[in-house]
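A closer look at the structure
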Amino acid sequence: MRSLAWRLRAAALVLAGALAVHELRYLVAYQGDSGRALSLQGHAYLSLVTPLVCALIAVAAAHFVGRLARGGSDEATPGFAATWLWASLSLVAIFVVQESVEGLVASGHPGGLAAVVGHGGWLAAPIAFAVGGVIALLLRGASVALAAAARRARPPVSRVTPLVRRPPLGVTRPRQHPLALKLAGRAPPRASVLA
């Protein structure tokens, strides 16, 4: 199971990626006229959404930096390819829902299938694939950085055998009798003494 911190980073990056896919789609499709097309098709709500997504990115980044400063952690994360596929499909799904809702609600925005694939909307899929790759790289890099910080924070395992304490040079201990050190030989068996 993935940690809550990983999910926070992933959600923040996917939401920022969704904004990027939306903006890049209009930029590629309309080129220099993208700002005008956005304003005519009812995208004014993005001026409210963008600061919220930026705030979520800031919270996720602050949490990440705090975990790095505390020594990181090892966390179970999906592989790079799975994350890339998940992020790309999430971005496409968000784009389809976003454009469909805009087509229903906003005046001047095409509706139905034309809202999603018309006017260069089909470009969102390859753009989402590229942005999904960037998100996967960022999530993988964060996990690697946290694992490295956790390894540095752990005390090293000592593989050196402990040294035998010896008296300093020039100091000699008085010689003790073998019986005092319990090093004397064993007494003869009792049966041999009686016979």
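These numbers were taken from a predicted model, which means no experiment stands behind them.

Here the focus is empty space enclosed by the protein. Tallying each qualifying case throughout the model produces 1 cavity of 30 Å³ or more. Here the largest cavity defines a volume of roughly 50 Å³. Put simply, the parts of the chain that give the lining of the largest cavity at least two residues each are α4 (80–105) and α6 (124–153). No other element matches α6, which puts 4 residues into the lining of the largest cavity.

Looking now at the packing of aromatic side chains. Considering all chains together, one arrives at 3 aromatic pairs under this definition. With 4.8 Å between their ring centres and 25° between their planes, tryptophan 84 and phenylalanine 129 make a pair best called stacked. Linking tryptophan 84 in helix α4 with phenylalanine 129 in helix α6, this pair joins segments that are 45 residues apart in sequence. An aromatic cluster is defined as three or more aromatic residues linked by ring pairs; in this entry it consists of Phe80, Trp84 and Phe129.

What counts, and where the lines are drawn
- Residues numbered from 1 in each chain as written.
- Predicted model: local features only at pLDDT ≥ 70, side-chain atom pairs only at ≥ 80, totals over all residues.
- Heavy atoms only, no water.
- 1 Å grid on protein atoms, 1.4 Å probe; cavity = no way out; pocket = protein on both sides within 12 Å on 5 of 7 lines; lining within 4 Å.
- Points joined across faces, edges and corners; volume = space filled by probe spheres on them.
- Helix = DSSP H or I, 4+ residues; strand = E, 2+ residues; numbered from the N terminus.
- Phe/Tyr/Trp six-rings, centres within 6.5 Å; stacked < 30°, edge-to-face > 60°.

Without other data, these values stay purely geometric and don't point to any function.
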